[in-house]
Amino acid sequence: MSGATKTHPELSETFNQDEARVDWHDETLWWIRQKRDKSAGSIPEWETLREKASQIKDHVLSELAGYLVSFEENAKANGIIVHWAADALEHNQIVHSILEKHGISQMVKSKSMLTEECHLNEYLEQKGIGVIDSDLGERIVQLAKEPPSHIVLPCIHKKKEEIGDLFHLHLGVPAGTSDPQILTEAARQHLRETFLTRKAALTGVNFAIAETGEFVVCTNEGNADMGAHLADVHIACMGIEKIIPKRKHLGVFLRLLARSATGQPVTTYSSHFKKPRKGQEMHIVLVDNGRTVQMGREDFRASLKCIRCGACMNTCPVYRRSGGHSYHYAISGPIGAILAPNLDREKYADLPFASTLCGSCSNVCPVKIDIHQQLYKWRQVIVKEGYAASSKKLSMKLMTFTLSSPGVYRTAGKAGRWVLKHIPFAVNNQFNPWYKQREMPAVPKESFGEWYKKENQ
Amino acid sequence: MKKVGLFIPCYVDQFYPGAGIATYQLLKKLGLDVTYPTGQTCCGQPMANSGFEHLTQGCNQLFVDNFAEFDYIVSPSGSCVLHIKEHLHTTHSENQAAEIRTKVYELVEFLVDIVKVKNLKARFPHKVGLHQSCHGQRGLYLSQMSELVAPGFSKPLQLLSQVEGLELITLKRGDECCGFGGTFCVVEEAVSVKMGKDRVKDHLVNGAEYITGADMSCLMHMEGILKRENSQVKVLHIAEILNAE
């Protein structure tokens, strides 16, 4: 499987074959970035809030074990059943065993990037259990049999006409419908039926509060509540880094989350779940899946501070022009590119290189993760562990040799300029990726060094 | 008198000597004691950003050997300066490397913060678009970035506003990356070119005759695209405008 995965440059090249579509994708996400700017700009203490959030998360990571234990204790005291999963497989097995125990073969699920990371839907399908995603965007990509391309806006890569075609095929709306109002209504009717008939609902978790054993789920559609309130069994799945110490800290994170994500002051629903209602069973699955390994990597630990707002994707000039699927990982964009190599360095060796290191991501990040610095550091790790292409290794060694010696450098520079001037076709050809869509620089008559020497004779 | 060591990045030396000459002449005009150490080559960034930082020892030592003696090291490239500031380390002369990391300046910040240039004698009667190179802006804080909720400032504009006749155009996206990104420009050719085309277009639709900036690498990338599109718009390093009479 991993051998067949196309790389970010290959997938981006395909994405860029339709330039008008790239423009549309770029403008759509840039519009969201601008909404974020406006919304953040309306909070004079924005930068202080970011710093606070960053420090709270740093603190949590430094004492995660203790907070997890107290969260478990308090959640249990509230009547919630707590599970621990070491990896994706164990997570999937736990969810499956809960459903099996209740004889449930169909489940409704609200947004959870963790279940995408664990490939829960595929796992359950193989076990004969049907999952319907209730977040509208997630439902759309599910119908299209695609993964989400963005953690907050899963179907941002789809145009409304394409969604109309999908709904025509699957939900019976008339062919050619593209009015968002009509399409949304069709989805509502379809999902209402799902909510009423499903006995189990799975939700994600945005924040889990150690002090109280409760958790908060943020949605704009109320779909997490609809699912959880109507089902006999509520399963909430979370990565272990979702912990915050106290309820009062929600004030910091809820102010940052939606503003960073979409520019809204707050998500439409911030639902607090503390204990199961009478007759209901409530489960929490706490998942590691590589997180403790990442915590042990000093350079990359801060990536676990992420609150999954997606601001780094919206601002990323590369993401906007390559699309979420080009990252071939559940979490796309800059944050995905620093999380993925933790799980598989070989498969995701290309992702830390899918950046110009412009630094925009680190500066929109509401918890101040040094994303672009980590991209740089992952590059060093990937090369040292031997996942760089051998052609690259050779050219780098040659470059190092040349640039480590002034004499060799001057000769090579002169030779290079001579070639470019006298036999330009040696450089200006299809094998030079620079030349494909760009002209080479004009050849000056002398280098600066040569000019300086004459000037100061 | 304080001694200034001129650090001319390798690709500027080889392909854009004009930017280097303008930097040298400008610093001389301002009465500074400038020397170009002739044994210099490169800051090592092309290797390091590609994941080969461990191969840059030779480059780093060479840099230290060439520049340790100066009071200030000045370079017409935000990106190379940022690389030195963040990553110059050597096995044998780490103390000197540490000192260099604190005394290396990008040209614009040197002129504004150290020389405190208030009255530049320059004339450039053209419509100019300013490209904010990311490493200079977000790395060296040459100007405020649009991501932060913080008061605005711009060191390049402080200097360009002293240039007689220069008309600065307004861009739709003031500080978006051009897509050069070092080896990114060839490894991720498709996205790199698309980013460059979009950046260039912003300048073109807003009437720029020249695109300028504090990093020649971004300008080289945009120039490649402008030339391929047969555009008459030119790129010029900011030193060339500040040195124009």
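Residues numbered from 1 in each chain as written. Chains lettered and ligands numbered in written order. Predicted model: local features only at pLDDT ≥ 70, side-chain atom pairs only at ≥ 80, totals over all residues.

Caption draft 1: Local environment of the overall build of chain B. The helix and strand inventory of chain B stands at 13 helices and 10 strands. Its C-alpha atoms give chain B a radius of gyration of 17 Å, within 12% of the compact-globule value 18 Å for 245 residues. Overall, the C-alpha framework of chain B stretches about 50 × 45 × 40 Å when taken along its three principal axes. When each of the 245 residues of chain B is scored for burial, the buried share is 60%. Across chain B, the fraction of contacts at a sequence separation of at least 24, relative to all contacts at a separation of at least 6, is 77%. (Helix = DSSP H or I, 4+ residues; strand = E, 2+ residues; numbered from the N terminus. Rg over C-alpha atoms; globule rule 2.2 N^0.38 Å. Buried ≥ 20, exposed ≤ 12 C-beta atoms within 10 Å, placed from the backbone. Contact = placed C-beta atoms within 7 Å.)

Caption draft 2: Layout of the environment of Ala244 of chain B. Residue and element names in this part refer to chain B. With respect to the helices and strands, the residue Ala244 is situated in the segment after α13 (238-242). Exposure remark for Ala244: the 18 C-beta atoms within 10 Å place this residue in the partly exposed category. Separated by 226 residues in sequence, Ala244 and Gly18 have C-alpha atoms that sit 12 Å apart. Apart from residues lying up to four places away in sequence, Ala244 is in contact with Ala122, Arg123 and Phe124.

Caption draft 3: Spotlight on the sheet that holds strand β6 (residues 127-131) of chain B. Residue and element names in this part refer to chain B. Strand order across the open sheet formed by four strands is β8-β6-β9-β10, with parallel pairing between neighbours. Every interior strand has two partners, whereas the edge strands, β8 (167-168) and β10 (234-237), have only one. For β6 and β8, the ladder comprises two bridges, and the chain directions are parallel. Directly across from Lys127, in β8, lies its bridge partner Glu167. (Pairing = 2+ DSSP bridges.)

Caption draft 4: Broad picture of the interface of chain A and chain B. Tallying the contact residues gives 58 residues for chain A and 58 residues for chain B. Its residues assigned to classes, the side of chain A that touches chain B comprises 28 nonpolar, 17 polar and 13 charged. (Nonpolar A, V, L, I, M, F, W, Y, C, P; charged D, E, K, R; others polar.)

Caption draft 5: Examining the domain arrangement of chain B more closely. Residues and elements named next belong to chain B. You can read the domains of chain B as domain 1 (3-115) and domain 2 (127-242). Centre-to-centre, using C-alpha coordinates, domain 1 lies 22 Å away from domain 2. On the side of domain 2, 22 residues touch domain 1, which itself brings 25 residues to the contact. Counting residues per element, the ones that place at least two in the side of domain 1 that touches domain 2 are α1 (10-15), α2 (17-29), α3 (45-48), α5 (78-87) and α7 (107-114). Across the side of domain 1 that touches domain 2, the residue classes tally to 15 nonpolar, eight polar and two charged. (Domains from an automatic or database assignment.)

Caption draft 6: The arrangement of the confidence of the model for chain B in detail. With 100% of its residues at a pLDDT of 70 or more, chain B shows a mean pLDDT of 96. Both scores are given for the predicted complex: the pTM is 0.95, the ipTM 0.96. (pLDDT = per-residue confidence, 0-100.)

Caption draft 7: A look at unusual backbone geometry. All names here are of chain A. Positive phi outside glycine occurs at Arg308, with the angle close to 60°. Of note, Arg308 is situated in the loop between α13 (291-295) and α14 (311-315). Under the C-beta neighbour-count criterion, Arg308 is labelled partly exposed, with 19 such atoms within 10 Å.

Caption draft 8: The UniProt feature "domain: Cysteine-rich" (unreviewed entry) in chain B, seen in detail. All names here are of chain B. Mapped onto this structure's residue numbering, the UniProt feature "domain: Cysteine-rich" (unreviewed entry) falls at residues 4-85 and 128-222. Strand forms 12% of residues 4-85 and helix 51%; the C-alpha atoms that close the span are 17 Å apart. Annotation note: span residues 128-222, helix share 42%, strand share 13%, distance between end C-alpha atoms 14 Å. (UniProt positions renumbered as here; feature names shortened; annotations may be inferred.)

Caption draft 9: Quick peek at the environment of Ala214 of chain B. Residues and elements named next belong to chain B. Looking at where Ala214 falls in the secondary structure, it is placed in the loop between β9 (210-213) and α12 (216-228). For the pair Ala214 and Gly136, spaced 78 residues apart in sequence, the C-alpha to C-alpha distance is 7.4 Å. Once you skip the residues sitting within four places of it in the chain, Ala214 turns out to touch Gly78, Glu106, Leu107, Val108, Ser133, Gly136, Leu142, Pro156 and Ile238.

Caption draft 10: Representation of α5 of chain B in the model. Residues and elements named next belong to chain B. Within α5, seven of the 10 residues are buried, which leaves it mostly tucked inside the rest of the structure. When α5 is considered as a whole, its buried residues turn out to be Gly78, Ser79, Cys80, Val81, Leu82, His83 and Ile84. The inward-facing, buried residues of α5 contact α3, β3 (72-75), α6 (94-103), β4 (104-106), α8 (134-139) and α12.

Caption draft 11: Spatial organisation of the domain arrangement of chain A. Domain assignment breaks chain A into domain 1 (43-289), domain 2 (301-384) and domain 3 (395-455). The centre of domain 1 of chain A, based on its C-alpha atoms, is set 54 Å off from the matching centre of domain 3 of chain A.

Caption draft 12: The arrangement of the sheet that holds strand β9 (residues 269-273) of chain A in detail. Residue and element names in this part refer to chain A. The four strands lie next to each other as β8-β5-β6-β9, forming an open sheet whose pairing is mixed. Two strands in the sheet have a free side with no partner beyond their single neighbour: β8 (243-244) and β9. Alignment of strand β5 (residues 207-209) against β8, held across two bridges, turns out to be parallel. Paired with Ala208 across the strands is Ile243, a residue of β8. Contacting β6 (214-219) and β9, helix α11 (residues 223-230) crosses the sheet at an angle of about 30° to β9. (Axes fitted to C-alpha atoms, helices over the stretch in contact; angles between N-to-C directions.)

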